[in-house]
Amino acid sequence: MNDIRVLIGDDHRIVREGLKQMLGDLSNGLPSMTVRAEAQTGPEVIAAVQELGGPEGLDAVLLDIALPGRDGLDVLQALRKDWPTLPVLMLSTYPEKQYAVRCIKLGASGYLNKSADSDDMVSAVRKVAAGGLYVSAATAEALAAAVGRSAGQGAEQLSHREHQVYRLLSAGHSVSEIGAQLGLAPNTVSTYRARILEKTGTKNDVELALYAERHGKAAPAA
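Conventions we followed
- Residues numbered from 1 in each chain as written.
- Predicted model: local features only at pLDDT ≥ 70, side-chain atom pairs only at ≥ 80, totals over all residues.
- Heavy atoms only, no water.
- Core = buried A, V, L, I, M, F, W, Y, C linked by side-chain atoms within 4.5 Å.
- Buried < 20%, exposed > 50% of the residue type's maximum accessible area, 1.4 Å probe, protein only.
- Helix = DSSP H or I, 4+ residues; strand = E, 2+ residues; numbered from the N terminus.
- Phe/Tyr/Trp six-rings, centres within 6.5 Å; stacked < 30°, edge-to-face > 60°.
- Contact = heavy atoms within 4.5 Å.
- Polar contact = N/O pair within 3.5 Å; in protein donor to acceptor, adjacent residues only side chain to side chain.
- Axes fitted to C-alpha atoms, helices over the stretch in contact; angles between N-to-C directions.
- Parallel < 35°, antiparallel > 145°, perpendicular 65-115°, else oblique.
- Left-handed = near helix turned anticlockwise from the far one by under 90°.
- Nonpolar A, V, L, I, M, F, W, Y, C, P; charged D, E, K, R; others polar.
- Pairing = 2+ DSSP bridges.

Participant: Even after reading the chapter, I still don't get the nonpolar core, so can you show me in this structure?
Facilitator: Grouped burial of nonpolar side chains is what soluble globular proteins tend to show. With 29 residues, the main nonpolar core has Val 45, Val 49, Val 61, Leu 63 and Met 90 as its most contacted residues. Elements with a minimum of two residues in this core: β2 (33–39), α2 (42–52), β3 (60–64), α3 (72–82), β4 (88–92) and α4 (96–105). Counting residues in hydrophobic clusters, the runner-up holds 18 residues, among them Leu 19, Leu 62, Leu 112 and Met 121.

Below, the structure is given as structure tokens:
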């Protein structure tokens, strides 16, 4: 059988090296895994996938959420649009309850915390590369909670762009700073901010930061 061809997108070299060693050491008689490319920014991931011809040259993409230049969720959406059959396994240091549901909704083939053990990591890559959906026990719990949650208010109701603004607001960034980082006009950011406050039931940035802390959803910007 052919090797499983992988691209690793992570801005930390030590993580990329660790993943390469992990994938190379645990074939266990099954098809080996070959890391065909590495990327450390969002735009580099997209460029590398383009250069390799998407699913013609790759069987899976391992993608960190917190990438510089363009965050992993943005990259995920771009990959889904241009190469809808290319499996993407999202990797993160954030707990499943924070991002797993959002990633799956955006088209990821799975979500795995970087603290997962080697066997789980390899199993996840093999499963998504074969066209399956990898759902850990923690991710399954998060999905079940999301299904059972009311459809009224809450951060789960935010669109992808609203969620990006929400993360940055929760981290203390100003409207102008967010606009510069996301390439949006300040008025547009203010509009997103108003929608976020309405959907989370908060009145100002202080309440929003407290809401984010309470719900465990604030995360450093990519």
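Participant: Just to check I follow, could you spell out the packing of aromatic side chains for this structure?
Facilitator: Any pair of aromatic rings gets described here by the distance separating the centres and the angle formed by the planes. Tallied over the entire structure, the rule returns two aromatic pairs. Ring geometry for Tyr 166 against Tyr 211: centres 6.4 Å apart, planes inclined by 65°, an arrangement best described as edge-to-face. Remark: Tyr 211 occurs in helix α10 (residues 205–215) and Tyr 166 occurs in helix α7 (residues 160–170); sequence separation between them is 45 residues. Side by side, Tyr 166 and Tyr 211 carry an identical accessibility label, which is buried.

Participant: Could you clarify how one ought to interpret α3 in this entry?
Facilitator: Every α-helix carries 3.6 residues per turn, so stepping three or four residues along brings you back to the same face. By the criterion of burial, α3 is predominantly enclosed, with eight of the eleven residues buried. Listing the buried residues of α3 in full gives Gly 72, Leu 73, Asp 74, Val 75, Leu 76, Ala 78, Leu 79 and Arg 80. If you follow the buried residues of α3, they end up packed against α2, β3, β4, α4 and α7. In this structure Asp 71 caps α3, since a side-chain oxygen of it lies 3.0 Å from the backbone nitrogen of Leu 73.

Participant: Which parts of the structure should I look at to understand the packing of helix α9 (residues 186–200) against α10?
Facilitator: Helix-helix packing is characterised by the crossing angle of the two axes and by the distance between the axes. Between α9 and α10, whose axes approach to 11 Å, the crossing angle comes to 55°. When the axis of α9 is compared with that of α10, the two are oblique. The chirality of how α9 crosses α10 is left-handed. Taken together, the residues of α10 that come into contact with α9 (itself represented by Arg 193, Ile 196, Leu 197 and Thr 200) are Asp 205, Leu 208 and Tyr 211. In the contact of α9 with α10, the residues fall into four nonpolar, one polar and two charged.

Participant: Where do I start with the sheet that holds β3 in this structure?
Facilitator: Remark on secondary structure: sheet strands pair via backbone hydrogen bonds, oriented parallel or antiparallel. The parallel open sheet is built from five strands, whose spatial order is β2-β1-β3-β4-β5. Whereas interior strands pair on both sides, the edge strands pair on one side only; in this sheet they are β2 and β5 (110–113). This sheet shows a mean twist of 25° between the axes of neighbouring strands, independent of strand direction. Relative to β3, strand β1 (residues 4–9) is paired through four bridges, and the arrangement is parallel. In the sheet register, Ile 8 faces β3, and the bridge partner there is Leu 62. Strands in contact with α2 are β1, β2 and β3; relative to β2, the strand with the most contacts, it is inclined by about 130°.

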